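# What the coordinates show
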Amino acid sequence: MMKKIDIKILDPRIGSTFPLPAYATPGSAGLDLRACLDASVELKPGETTLLPTGLAIHIGDANLAAVILPRSGLGHKHGVVLGNLVGLIDSDYQGQLMVSVWNRGQTTFVIEPGERIAQMVFVPIVQAEFNLVEDFDASERGEGGFGHSGRQ
Ligand SMILES: O=c1ccn([C@H]2C[C@H](O)[C@@H](COP(=O)(O)OP(=O)(O)OP(=O)(O)O)O2)c(=O)[nH]1
Ligand SMILES: [Mg+2]
């Protein structure tokens, strides 16, 4: 299913120097987001910085959201993940898409202008309303959790 999402270009280089986010293959779930930078940024071990993408989206549907996730290559090989671990884009957010990058590795990582630094995935959302009860209907698990079923 393809869904139309309003997008605004905030930096004139988007769409020319830096391509618009696009699915890399027909089966891709994620759209890579690029660092919309004037110059490269050095991210030392342990540092976190907020990168602009030069883009804003307005999802405009409370039953949809987007999540920003690390790219596996950056995270695994270079230790470059997200400062917030996962970014959540609300359907009513209209500001610039920002990516918090965290160098959790041991070596400095240089982010180049236009580099694909994270990926965005659209996800369905169910908003819940709470039904206040005194007792829950019984379930097989009950209150067991946090490994109560063992490791094997
Ligand atoms: O990686 C991210 C995470 C969030 N956002 C934007 C979109 C999101 O809708 C908004 C608020 O994010 P969130 O609710 O996670 O942050 P908060 O700390 O709760 O801020 P707020 O008080 O604005 O909700 O910031 C980004 O651009 N990138
Ligand atoms: Mg919030």
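As shown above, the structure is provided for reference.
The notes below deal with the structure included here.

Here is what the cut-offs are and how they apply
Counting from 1, residues in each chain are numbered in the order their sequence is written. Chain labels run from A onward and ligand labels from 1 onward, assigned in the order the entries are written. Given that this is a predicted model, residues contribute local features only at a pLDDT of at least 70 and side-chain atom pairs are listed and counted only at 80 or more, while totals for whole chains, interfaces and linings are drawn from all residues. The side-chain figures draw on all heavy atoms in the structure; neither hydrogens nor water molecules are used. Put simply, DSSP marks the helices as runs of H or I at least four residues long and the strands as runs of E at least two long, and each gets a number from the N terminus on. Burial classification: accessible surface area is computed with a 1.4 Å probe over protein chains only, and a residue below 20% of its type maximum counts as buried, one above 50% as exposed, and the rest as partly exposed. N or O atoms within 3.5 Å of each other form a polar contact, as long as, within protein, one can give a hydrogen and the other can take it, and as long as residues adjacent in sequence are counted only when both atoms are side-chain atoms. Whether two residues touch is decided by their heavy atoms; if any such pair falls within 4.5 Å, the residues are in contact. Two strands pair if DSSP finds at least two bridges between them. Each axis is a line fitted through C-alpha atoms, taken for helices only over the stretch in contact, and angles between the N-to-C directions span 0 to 180 degrees. In what follows, salt bridge is the name for a side-chain nitrogen of Lys or Arg lying within 4 Å of a carboxyl oxygen of Asp or Glu. We call a residue near a molecule or strand as soon as one heavy atom of that residue lies within 4 Å of the molecule or strand. All accessible areas in this document rest on Shrake-Rupley with a 1.4 Å probe, and a residue is counted as covered only by the protein chains that are shown. In this count, Pro and Cys sit with the nonpolar residues alongside Ala, Val, Leu, Ile, Met, Phe, Trp and Tyr, while Asp, Glu, Lys and Arg are called charged and the others, Gly among them, polar.

### Some thoughts on the side chain of Thr53
Turning to its location among the elements, Thr53 is positioned in strand S4 (residues 48-58). Here Thr53 falls in the buried class, since its relative accessible area comes to 1%. Polar side-chain contacts of Thr53 include one of 2.6 Å to the backbone oxygen of Leu97. Excluding residues that lie within four positions of it along the chain, Thr53 makes contacts with Ile14, Leu33, Arg34, Cys36, Gln96, Leu97 and Val99.

### Thoughts on the sheet that holds strand S6 (residues 80-82)
Pairing between the strands of a sheet is mediated by backbone hydrogen bonds and can be parallel or antiparallel. Taken together, four strands build an open sheet; the order of strands is S1-S4-S8-S6 and the sheet is antiparallel. Since the sheet does not close on itself, it has two edges, and those belong to strand S1 (6-9) and S6, each with one partner. Neighbour to neighbour, the strand axes of the sheet diverge by 45° on average, direction disregarded. With four bridges connecting them, S1 and S4 associate as antiparallel partners. If you follow Ile9 over to S4, its bridge partner there is Leu55.

### With respect to the pattern of salt bridges
Overall, the coordinates contain six salt bridges when judged by the stated rule. Note that Arg13 and Asp38 form a salt bridge whose closest N and O atoms lie 3.3 Å from each other. With Arg13 in the loop between S1 and strand S2 (31-34) and Asp38 in the loop between S2 and strand S3 (41-43), the pair connects residues that are 25 residues apart, well separated along the chain. Owing to a relative accessible area of 72%, Asp38 belongs among the exposed residues under this scheme. For Arg116, the salt bridge identified is with Asp32, shortest N-O distance 2.7 Å. Placement of the pair is Arg116 in strand S10 (residues 116-124) and Asp32 in strand S2, with a sequence separation of 84 residues. Residues participating in the shared-partner salt-bridge network are Asp11, Arg13 and Asp38.

### So, the site of ligand 1
Around ligand 1, the neighbouring residues are Ile68, Asn84, Gly87, Leu88, Ile89, Asp90, Tyr93, Gln96, Leu97 and Met98. Here an oxygen atom of ligand 1 and a side-chain polar atom of Asn84 are 3.0 Å apart. Note that a nitrogen atom of ligand 1 is positioned 2.8 Å from one of the backbone N or O atoms of Met98. Within the complex, 48% of the 570 Å² of free accessible area of ligand 1 lies under protein. When its residues are assigned to classes, the shell around ligand 1 shows six nonpolar, three polar and one charged.

### Examining the sheet that holds strand S7 (residues 87-89)
Here four strands make up an open sheet; going across it, the order is S2-S10-S5-S7 and the pairing antiparallel. Only two strands of the sheet have a single neighbouring strand rather than two, namely S2 and S7. Here the strands of the sheet are splayed against their neighbours by 30° on average, with no regard to which way each runs. Where strand S5 (residues 64-69) meets S10, six bridges bridge the pair, whose relative direction is antiparallel. Among the inter-strand pairings, Ile68 is bridged to a residue of S10, identified as Met120.

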